[in-house]
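Chain residues, written in single-letter form:
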Amino acid sequence: MTELSSPTPRWISCPECEAACREVPLPPRAVLHCRRCGVVVRKSTRPTSLQPAWALATAGLLLMVMANVTPIMSFDVAGNTQTNLIGTGVITLYKQGYWPVAGLVFFSAIAAPALYLATVWYVVAACCLARPWPGLHRMLTWAEILESWNLVPVFALATLVSVVKLDTLGTVTWHHGAIWLAVLSICAFLTSQLFDHRMVEERLEELA
Ligand SMILES: [Zn+2]
């Protein structure tokens, strides 16, 4: 009877015998077997622990600082050299009067990714240390909202594309900041992949 009252079930076919298998939410490490032939139909892709997300968020926050205080590249056109930080573009746009664009670049390249990593760090640290810190549910909501603004990998890719274009106009020299930015992109991407909302909600319920 519970089968009938539950919301519309999703069915996936067995890769071996094509029997219809009912898809159910799998806990970490669980495997869904076909009832008829026993073949593995689906494996849980959920992480088993929040500690990797915590480690990556911590590394991400440190890399965020390094990527913002170290020059990424210098651009040389006819003897005029300009060294660029991530913030240089924001300041230049602001000085040229494009303050809405400057604000947007600042928010999407610096503020939003930093806030995303900070909210993830706060929530995941509380879960890992089993500490009922204040405002955890609100922080989780903010992490969910800011996740789509975690645009560091996009920003890094855009930088690479623009450098290819700029290279035809002058000489581009890469600096250490580019390495920090590249590692930060990987870190920010992996944090969003390993930050399991459902597991966090379960842990927060246990803490409450
Ligand atoms: Zn089967």
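None of the values given here were measured: they were computed from a predicted structure.

### Topic: unusual backbone geometry
The phi angle at Glu 18 is positive, at roughly 65 degrees, despite the residue not being glycine. Assignment of secondary structure puts Glu 18 in the loop between β1 (10-13) and β2 (20-23). Here Glu 18 falls in the exposed class, since its relative accessible area comes to 65%. Unusually for a residue other than glycine, Ala 130 sits at a positive phi of about 55 degrees. Take Ala 130: it is sitting in the loop between α4 (99-129) and α5 (136-147).

### Focus on the coordination of the zinc ion
Ideal geometry at a metal centre gives angles of 109.5 degrees when four donors are arranged tetrahedrally and 90 or 180 degrees when six donors are arranged octahedrally. Every protein donor of the zinc ion is listed here as Cys 14 (SG), Cys 17 (SG), Cys 34 (SG) and Cys 37 (SG), and their distances to the metal cover 2.2 to 2.3 Å. Relative to the metal, the four donor atoms surrounding the zinc ion lie at angles of 105 to 118 degrees, and the coordination shape comes out tetrahedral. Sequence spacing of the donors to the zinc ion: C-x2-C-x16-C-x2-C. Taken as a pair, Cys 17 in the loop between β1 and β2 and Cys 34 in the loop between β3 (31-33) and β4 (40-43) lie far apart in primary sequence, 17 residues in all. For Cys 17, a relative accessible area of 26% gives the class partly exposed. Judged by relative accessible area, Cys 34 falls into the buried class, the value being 4%.

### Focus: the confidence of the model for the chain
Per-residue pLDDT for the chain averages 88, and the proportion of residues at 70 or more is 95%. Confidence, expressed as mean pLDDT per element, reaches its minimum in the chain at helix α1 (residues 2-5) with 44 and its maximum at helix α2 (residues 51-69) with 95. This stretch, residues 1-5, has a pLDDT under 50; its non-local contacts, to residues over four places away or in other chains, come to one contact.

### Quick look at the sheet that holds strand β6 (residues 80-84)
Ordered by their spatial adjacency, three strands build an open sheet running β6-β5-β7, and the pairing between neighbours is antiparallel. With one partner strand each, in any of the chains shown, β6 and β7 (171-174) form the two edges of the open sheet. Neighbouring strand axes in the sheet, compared pairwise and without regard to direction, differ in orientation by 15 degrees on average. The pairing of strand β5 (residues 73-77) with β6 spans five bridges and is classified as antiparallel. If you follow Phe 75 over to β6, its bridge partner there is Gln 82. Its contacts with the sheet put helix α6 (residues 152-166) on β5 and β7, and the angle it makes with β7 is roughly 145 degrees.

### Things to note about the packing of α4 against helix α7 (residues 176-194)
It is the contact of α4 with α7, at a shortest axis distance of 11 Å, that shows an interaxial angle of 50 degrees. As far as their axial angle goes, α7 and α4 are oblique. Here α4 runs over α7; the crossing is left-handed. On α7, the residues that touch Tyr 116, Leu 117 and Val 120 of α4 are Leu 184, Thr 191 and Ser 192. Of the residues in the contact of α4 with α7, the class split is four nonpolar, two polar and no charged.

Conventions and cut-offs
- Residues numbered from 1 in each chain as written.
- Predicted model: local features only at pLDDT ≥ 70, side-chain atom pairs only at ≥ 80, totals over all residues.
- Heavy atoms only, no water.
- Helix = DSSP H or I, 4+ residues; strand = E, 2+ residues; numbered from the N terminus.
- Buried < 20%, exposed > 50% of the residue type's maximum accessible area, 1.4 Å probe, protein only.
- Donors = N, O, S within 2.8 Å, 3.2 Å for Na, K, Ca; no water.
- Tetrahedral: all angles 85-135°; square planar, octahedral: opposite > 155°, others 65-115°.
- pLDDT = per-residue confidence, 0-100.
- Contact = heavy atoms within 4.5 Å.
- Pairing = 2+ DSSP bridges.
- Axes fitted to C-alpha atoms, helices over the stretch in contact; angles between N-to-C directions.
- Parallel < 35°, antiparallel > 145°, perpendicular 65-115°, else oblique.
- Left-handed = near helix turned anticlockwise from the far one by under 90°.
- Nonpolar A, V, L, I, M, F, W, Y, C, P; charged D, E, K, R; others polar.

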